[in-house]
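Summary of the model geometry
Listed here are the chains, written in short residue letters.
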Amino acid sequence: MSNLVMRRPGLNVSTPSASGLVLIASLAALAAVPGVASEYWLSAVLTPFLILSLAGLGLNLLTGYAGQLSLGSAAFMAIGAYATYNFAVRLPGLSLLVDLALGGLSTAAIATVFGLPSLRIKGFYLIASTLAAQFFVEWLLTKVSWFSNDDTSGVLSAPRLSIFGWSIATPVSRYQFVLGVVVVLFAAAASLVRSELGRRWMAVRDMDTAAAVIGIPIGRTKLLAFAVSSFVIGIAGALWAFAYLGTVEPHGFDLNLSFQVLFIIIIGGMGSISGNFYGAAFIVLLPIALSHAAGALAAIGVDVGQLQNLQKILFGVLIILFLIKEPDGLARLVQIARQRLRDWPLRA
């Protein structure tokens, strides 16, 4: 198995009691944010942060827990966005929640097809297979006008969002809606990884030959990982288009977005539920931190126009450091810091 998904023996960064308390505390804090945050922070920072956390969760179920590498996350997000859009405009009587669920199921079905090569190949060969999905899906959505409801502009306005009479039209309401969806799916995922299916995924991840010997159906387990992962990613894609971008277009789900989702799970921690929040926070906040530090960087000779390149350099360096020094990412560092805080009174 690729070194990218190998785990340290005996290490578990997603201990239910510890990560669950942190997750609950974090979500409670996020629920209180609309009372203090500006509309800019809600729409441009916190909403994409939640959606990217959800996309990271989907990929983490596939890569961090089941050990199947993928670089097609943005493609599956696009499928979820377009599927949800088509259900919304072609079947207007359906509830928004039903549209999201059907969009997620459509993504799961299509992703399972792209996951079939995992029955024969693994590692970076599987990455190449999912990368092909990225380019194929973007091409298909651009060339076939049916997916865009025969709209010639190529850029579709997201339909008006409402649920049970609640209009989701303001930055606060969009943030609250996204937060509600994220809470439900994270809670479901936390339960799932502790279930029998989650234990099967981890057995296949750690050593698929040994898993087959003890009777685990390898092929079915891998395909279920692709389906469940893509269901979550598809819903994240619909939220990305409807609640954040406000438009549905193929170029909103390019390869750069796939890399961002991959960076989230590497930096946050593979095989960790709470790590998706840490990784997404890093991805979203780093550009903001660099823009605020532009004056100081200019004073030491860094051109403001090079901030984007500096951001890429930092991502690359951090990913290499995490893969070499701390494969379990920020989730492990947070766990270590929390343990030291608990032990500090004893040492004093």
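Note: the structure precedes this text.
Residues numbered from 1 in each chain as written. Predicted model: local features only at pLDDT ≥ 70, side-chain atom pairs only at ≥ 80, totals over all residues. Heavy atoms only, no water.

**Here we look at helix α11 (residues 275–292)**
For clarity, the cut-off: Secondary structure elements are taken from DSSP: a helix is a run of H or I of four residues or more, a strand is a run of E of two residues or more, and numbering for both begins at the N terminus. What a helix is expected to span follows from its residue count: subtract one and scale by 1.5 Å. Fitting one axis to the seven residues ending at a residue and another to the seven starting there, the bend at that residue is the angle between the two axes. Only protein chains enter the area calculation, which uses a 1.4 Å probe; residues under 20% of their type maximum are buried, those over 50% are exposed, and those in between are partly exposed.
Across its 18 residues, α11 extends 25 Å between first and last C-alpha, which sits within 8% of the 26 Å expected from 1.5 Å per residue. Maximum bend of α11: about 35°, positioned at L285, with proline P287 one to four residues after it. Among the residues of α11, those classed as buried are G275, N276, F277, Y278, G279, A280, I283, V284, L286, I288 and L290.

**Some remarks on unusual backbone geometry**
We note that D150 has phi near 60°; this positive angle belongs to a residue other than glycine. Residue placement: D150 occurs in the loop between α5 (124–143) and β1 (156–157). On the accessibility criterion, D150 (52% relative accessible area) is exposed. Backbone geometry at F164 places phi at a positive 55°, although glycine is not the residue there. With respect to the helices and strands, F164 occurs in the loop between β2 (162–163) and β3 (166–167).

**Examining the packing of aromatic side chains**
The criterion, for reference: Two rings from Phe, Tyr or Trp (for Trp, the six-membered ring) form a pair when their centres sit within 6.5 Å of each other. Planes less than 30 degrees apart are called stacked, planes more than 60 degrees apart edge-to-face, and all others tilted. Remark: a charge is flagged as sitting over a ring if the NZ atom of Lys or the CZ atom of Arg is within 6 Å of the ring centre and within 35 degrees of the ring normal.
Within the structure shown, the criterion is met by ten aromatic pairs. On the numbers, 6.0 Å between centres and 45° between planes, the contact of F49 with F277 is tilted. You can see F49 sitting in helix α2 (residues 39–65) and its partner F277 sitting in helix α11, a full 228 residues away along the chain. Each of the two residues, F49 as well as F277, counts as buried. Centroid distance F186 to F277: 4.5 Å. Interplanar angle 25°. Geometry classified as stacked. Of this pair, F186 sits in helix α6 (residues 171–192) while F277 sits in helix α11, and the two are 91 residues apart along the sequence. Here the two residues F186 and F277 agree in accessibility, since each one is buried. Here the aromatic residues F76, F114, F136 and W139 are joined through ring pairs into a cluster of three or more. If you follow R90 out to its NZ or CZ, it ends over the ring of W146, 4.2 Å from the centre.

**Looking at the environment of L314**
For clarity, the cut-off: Two residues form a contact once any of their heavy atoms are found within 4.5 Å.
Along the chain, the position of L314 falls in helix α13 (residues 307–325). The spacing of L314 and L286 is 28 residues in sequence and 9.3 Å in space, taken between C-alpha atoms. In contact with L314, other than residues within four places in its own chain, are L286 and L290.

**Some points on the pattern of salt bridges**
Operational definition: By definition, a salt bridge exists where a carboxyl oxygen of Asp or Glu is found within 4 Å of a side-chain nitrogen of Lys or Arg.
In the structure shown here, the tally under the stated rule is three salt bridges. Of the charged contacts, one joins R200 and E196 as a salt bridge, the two residues approaching to 3.1 Å between their closest N and O atoms. A residue pair is termed a helical-turn pair when its members lie 3 or 4 positions apart in one helix, as R200 and E196 do in helix α7 (residues 196–206) at four residues.

**Considering the packing of α11 against α13**
The condition that has to hold: The axes used here are C-alpha line fits, helices contributing only the stretch in contact, and every angle between their N-to-C directions lies in the interval 0 to 180 degrees. For classification purposes, angles smaller than 35 degrees are called roughly parallel, those larger than 145 roughly antiparallel, those between 65 and 115 roughly perpendicular, and all remaining angles oblique. By definition, turning the near helix anticlockwise from the far helix through less than a right angle yields a left-handed crossing, and turning it clockwise yields a right-handed one. For this scheme, ten residues count as nonpolar: Ala, Val, Leu, Ile, Met, Phe, Trp, Tyr, Cys and Pro. Four count as charged, namely Asp, Glu, Lys and Arg, and the remainder, Gly too, count as polar.
Interaxial distance between α11 and α13 falls to 10 Å at its minimum, and their mutual angle equals 135°. Classified by the interaxial angle, the pair formed by α11 and α13 is oblique. As α11 packs across α13, the resulting crossing turns out to be right-handed. Taken together, the residues of α13 that come into contact with α11 (itself represented by F282, I283, L286, P287, L290 and S291) are L307, L310, Q311, L314, F315 and L318. Residues that form the contact of α11 with α13 fall into these classes: ten nonpolar, two polar and no charged.

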